[in-house]
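As a plain string of letters, each chain reads:
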Amino acid sequence: MKTVLKVENLKVHFPIKAGGFLNSKIIPLRAVDGVSFEVGAGECLGVVGESGCGKSTLGRAVLQLIKPTDGKVLWLGENLCDLPREQMRQKRSNLQLVFQDPLSSLNPRLTVAEIIREPLYATDPTIGREDADQRIDEIMKAVGLLPEMRNRYPHEFSGGQCQRIAIARAMVLKPKLIICDEPVSSLDVSIQAQIINLLRRLQKEYGLSLIFISHDLSVVRHLCHRVMVLYLGRMMELADRDSLFAKPLHPYTQALISAVPIPDPAKERAKGTLILSGDLPSPLNPPSGCVFRTRCLKATPKCIKEVPTVEVLENGHQIACHHWLK
Amino acid sequence: MALFQAQSDAQLALMDAAARLQGRSLWQDALERFKSNKAAMGGVIVLCLIGFMSVVGPMMSPYRLEDLSWEAISIAPTMDNSHWLGTDDTGRDMWVLTWMGARVSLTIGIMTTIIALLIGVAYGATAGYVGGRTDNFMMRFVDVLYALPLLFFIIILVTVFGRNIYLVFVAIGCVEWLTMARIVRGQTLSIKRKEYIEAALASGVKTGTVIRRHVIPNVIGPVIVYVTLLVPTNILVESYLSFLGLGVQEPLTSWGVLISRGANSLETAPWLLIIPAICLAITMFCFNFIGDGLRDALDPKDR
Ligand code: SF4
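Novice: Account for the overall build of chain A, naming residues and giving values.
Specialist: Within chain A one finds eleven helices and twelve strands. In terms of overall dimensions, chain A has a C-alpha envelope of 65 × 60 × 45 Å along the principal axes. Burial analysis of chain A (326 residues in total) assigns 54% to the buried set. The contacts of chain A with a sequence gap of at least 6 include a subset with a gap of at least 24, amounting to 63%. About 14,400 Å² of surface is accessible on chain A, with carbon and sulfur atoms providing 53% of the total. One way to put it: in chain A the 42 positive side-chain charges average out to a point 4 Å from where the 34 negative ones average out.

Novice: Just give me the short version of the overall build of chain B, but keep the residues and values in it.
Specialist: For chain B, the count of helices and strands is eleven helices and zero strands. Counted from the first residue to the last, chain B has its helices and strands arranged as α-α-α-α-α-α-α-α-α-α-α. Counting all 303 residues of chain B, 46% fall into the buried class. Partitioning the intrachain contacts of chain B with sequence separation of at least 6 by distance along the chain shows that 70% fall at a separation of at least 24. Total accessible area on chain B is roughly 15,100 Å²; 69% of this is exposed by carbon and sulfur atoms.

Novice: Talk me through the packing of helix H4 (residues 94–130) of chain B against helix H10 (residues 255–264) of chain B; I want residue IDs and the actual numbers.
Specialist: To characterise two packed helices, one gives the angle between the axes of the helices and the distance between these axes. Residue and element names in this part refer to chain B. Contact pair H4 / H10: the axes reach a minimum separation of 7 Å and the direction vectors enclose 130°. With respect to H10, the element H4 is oriented oblique. On H10, the residues that touch Leu97, Thr98, Gly101, Ala102 and Ser105 of H4 are Trp255, Gly256 and Leu258. For the contact of H4 with H10, the per-class residue count stands at four nonpolar, four polar and no charged.

Novice: So what's going on with the side chain of Asn94 of chain A? Residues and values would help.
Specialist: Residue and element names in this part refer to chain A. With respect to the element layout, Asn94 can be found in the loop between helix H2 (85–91) and strand S6 (95–98). The class of Asn94 is buried, set by a relative accessible area of 17%. When near neighbours in sequence (up to four residues on either side) are disregarded, Asn94 contacts Trp75, Pro175, Lys176 and Leu177.

Novice: Give me the lowdown on the sheet that holds strand S5 (residues 78–79) of chain A, citing residues and values where you can.
Specialist: Residues and elements named next belong to chain A. Judged by pairing direction, the sheet is antiparallel, and its four strands sit side by side in the order S2-S1-S4-S5 without closing on themselves. Both edges of this open sheet fall to strand S2 (25–40) and S5, since each of them pairs with a single strand only. Where strand S1 (residues 3–18) lies against S2, 13 bridges are found, and the strand directions are antiparallel. Residue Val7 lies in a different strand from S2, and its bridge partner there is Phe37. Across the sheet, helix H1 (residues 55–62) touches S1, S2 and strand S4 (70–75), and the angle it forms with S1 is around 120°.

Novice: I'd like to hear about the pattern of salt bridges, residue by residue, with values.
Specialist: Close approach of charged atoms lets side chains of opposite charge pair. Residues and elements named next belong to chain A. One pass over the structure, following the stated rule, counts 21 salt bridges over all chains. Asp33 is paired through a salt bridge with Arg30; the nearest N and O atoms lie 3.9 Å apart. We note a salt bridge from Arg295 to Glu50, for which the minimum N-O separation is 3.2 Å. With Arg295 in the loop between helix H10 (265–271) and helix H11 (301–305) and Glu50 in the loop between strand S3 (44–48) and H1, the pair connects residues that are 245 residues apart, well separated along the chain. Salt bridges linked by common partners bring Arg117, Asp133, Asp137 and Arg150 together as one network.

Novice: Any details on the side chain of Ser105 of chain A? Residues and values, ideally.
Specialist: By the element assignment, Ser105 of chain A lies in the loop between S6 and helix H3 (112–123). Within the structure, Ser105 of chain A has its side chain in polar contact with the backbone oxygen of Pro102 of chain A (distance 3.1 Å). Apart from the residues within four sequence positions on either side, Ser105 of chain A is in contact with Phe99, Ala166 and Arg169 of chain A together with Glu195, Tyr196 and Ala199 of chain B.

Novice: With reference to specific residues and values, describe the site of the ligand.
Specialist: His250, Pro251, Cys290, Phe292, Arg293, Cys296, Lys298, Ala299, Cys303, Cys321, His322 and His323 of chain A make up every residue found near the ligand. Here the residues of the shell around the ligand sort into seven nonpolar, three polar and two charged.

Novice: Tell me about the sheet that holds strand S8 (residues 209–214) of chain A, and please be specific about residues and values.
Specialist: Residue and element names in this part refer to chain A. Taken in spatial order, the eight strands make up an open sheet running S6-S7-S8-S3-S9-S10-S12-S11, and their pairing is mixed. Edge positions in the sheet fall to S6 and strand S11 (311–312), since each of these pairs with one other strand and no more. Across the sheet, helix H6 (residues 189–206) is in contact with S3, strand S7 (177–181) and S8; its angle to S8 comes to roughly 160°.

Novice: Could you give an account of the state of the cysteines, naming the residues involved and the relevant values?
Specialist: Residues and elements named next belong to chain A. This model, assessed by the stated rule, comprises zero disulfides over all chains. Here Cys81 stays unpaired: no disulfide links it, and the sulfur of Cys53, its closest cysteine neighbor, is 20 Å away. When its relative accessible area of 17% is taken as the criterion, Cys81 is described as buried. In this structure Cys162 is not part of a disulfide, and its nearest cysteine sulfur, from Cys180, lies 16 Å away.

Novice: Describe the environment of Leu325 of chain A, with residues and values.
Specialist: Considering the arrangement of structural elements, one finds Leu325 of chain A in the segment after strand S12 (318–319). With 233 residues separating them in the primary sequence, Leu325 of chain A and Arg92 of chain A have C-alpha atoms 42 Å apart.

Novice: I'd love a proper account of unusual backbone geometry, names of residues and values included.
Specialist: All names here are of chain A. Of note in the backbone geometry, Lys174 takes a positive phi value of approximately 50° without being a glycine. Relative to the helices and strands, Lys174 is located in the loop between helix H5 (159–171) and S7. Although it is not a glycine, Glu182 adopts a positive phi angle of roughly 45°. The topology assignment puts Glu182 in the loop between S7 and H6.

What counts and how
Residues numbered from 1 in each chain as written. Chains lettered and ligands numbered in written order. Predicted model: local features only at pLDDT ≥ 70, side-chain atom pairs only at ≥ 80, totals over all residues. Heavy atoms only, no water. Helix = DSSP H or I, 4+ residues; strand = E, 2+ residues; numbered from the N terminus. Buried < 20%, exposed > 50% of the residue type's maximum accessible area, 1.4 Å probe, protein only. Contact = heavy atoms within 4.5 Å. Areas by Shrake-Rupley, 256 points an atom, 1.4 Å probe, with all protein chains shown as cover. Lys, Arg positive; Asp, Glu negative; His and termini not counted. Charge placed at Lys NZ, Arg CZ, Asp CG, Glu CD. Axes fitted to C-alpha atoms, helices over the stretch in contact; angles between N-to-C directions. Parallel < 35°, antiparallel > 145°, perpendicular 65-115°, else oblique. Nonpolar A, V, L, I, M, F, W, Y, C, P; charged D, E, K, R; others polar. Pairing = 2+ DSSP bridges. Salt bridge = Lys/Arg side-chain N within 4 Å of Asp/Glu carboxyl O. Polar contact = N/O pair within 3.5 Å; in protein donor to acceptor, adjacent residues only side chain to side chain. Near = heavy atom within 4 Å. Disulfide = S-S within 2.5 Å.

Rendered as structure tokens:
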């Protein structure tokens, strides 16, 4: 599989003013801290983690909507972080974004056609009205919207339909990669399935690569080829879907997976959950050594002292833990 | 997969019936709501009437503004000799004076509001969109100006430049834009965080286009409401300036000037106070009704 996106040691730190009025100092909030991964053509990479673990920041940093503090984002070998604004703007037709809340991601004062047309004009101001209209009709059909609804406004649609409009807007430029930031978490379960199936179909038809950000493991399991687990802005584990769900190696992934309910009550009772105790520590003041150690059952003194390095197993399974063998 | 197809086909068929309707924009919705608001529509009609009369009213009377008449000093409203609203203590016709006053008062109200609007929107939108240190600096400057009393400011201007009507425009406009700037900045800040702005930037739309297409249309609602409330405020400000003798100068007149003079002859000729006071009050009510109506019509919580 050809690699389209390669992210190396990506860091996003936000300067935060802390302390009192007189002795205030700037300390960095490490939203994303040294994350590396690759996405192949036509591949779907899931990014999971609790809320506040830097998933959304990661997505926006890849798209350069937030400037990364350090690291590289290589798109077909070209580092997007080094591109001047205008050049980056022209690259944007390749990489698109779908948001969590469909209604707030659509301007309430524009019609569906105007919303979908905007990216077309932004990338190619010379495009003719008829060409644009034709492409809008095409893409509306592809995402399951009637082209006749083109002159309606977002507030006249349901949440699921709004998400289809948002997907149409992202798809109309025929991008090669779409980053979906929790695209289904604000929708009803039945609608979720429709949107997930739509994404899957589009991915197959157009050979799209997807980065699917979610906190919902069952959705990720359904859609993604590979899964990356983030905790406090750091990568914990990255593996094929099947090996990750069958045999999670990292204590955090194990806890996450055991927390997903199984529909069969007998199995559910037999399973026994590893409860994650405590809250997510503040990213302003992350624990020393392994960031997960405050909640880890296997933590040892070594975990306090040393930051675990990422180990790559022969099947491509990546893991950042001192004691994963235990 | 097959299930998804069947589901979406059924859904498409269901939506089909309603689909051919044209969409209704938020502006159209708001207009409908506004039209069904009786008080606001009444306000619009009465205001149009006052505006119309301020243009043609003075021409309907046989008297001119400058006509002083020793035979007709302080006569009460009467149908004889065409002094429909009486005369004042120099024998000028009150009908003519009232509508000429309306002309000046409305002009001042609208002009000062336009000045406040232009400065306020430009300033507030810049501060809000740029944000950070610039925003901080710009808004502290507004806070400082807020602390200056309006009257003090105007007295200084008048003593330095002398009394003239344009000065009144500028003076009021320069003070009233502060609130406008704050409103616009607040709105811009909240709109800026909306995901559709990010979506537009992510699909390569230029910053200028983002401001024009996404920020301004969504900021404009509360601004319109504030404008309709600012016009009567400014008319009122002009009247108390006139009452203090700092407003427009004779022979030009405004409702404020008329009220101030009328107050002096309250016992002998009460109509000199009552007529302009009623006109002013009605205008205030109209603007306030319209403002309320607009706010109800544009309020996003109603949607
Ligand atoms: S490194 Fe230590 S604390 Fe971190 S996950 Fe592994 S065992 Fe737990």
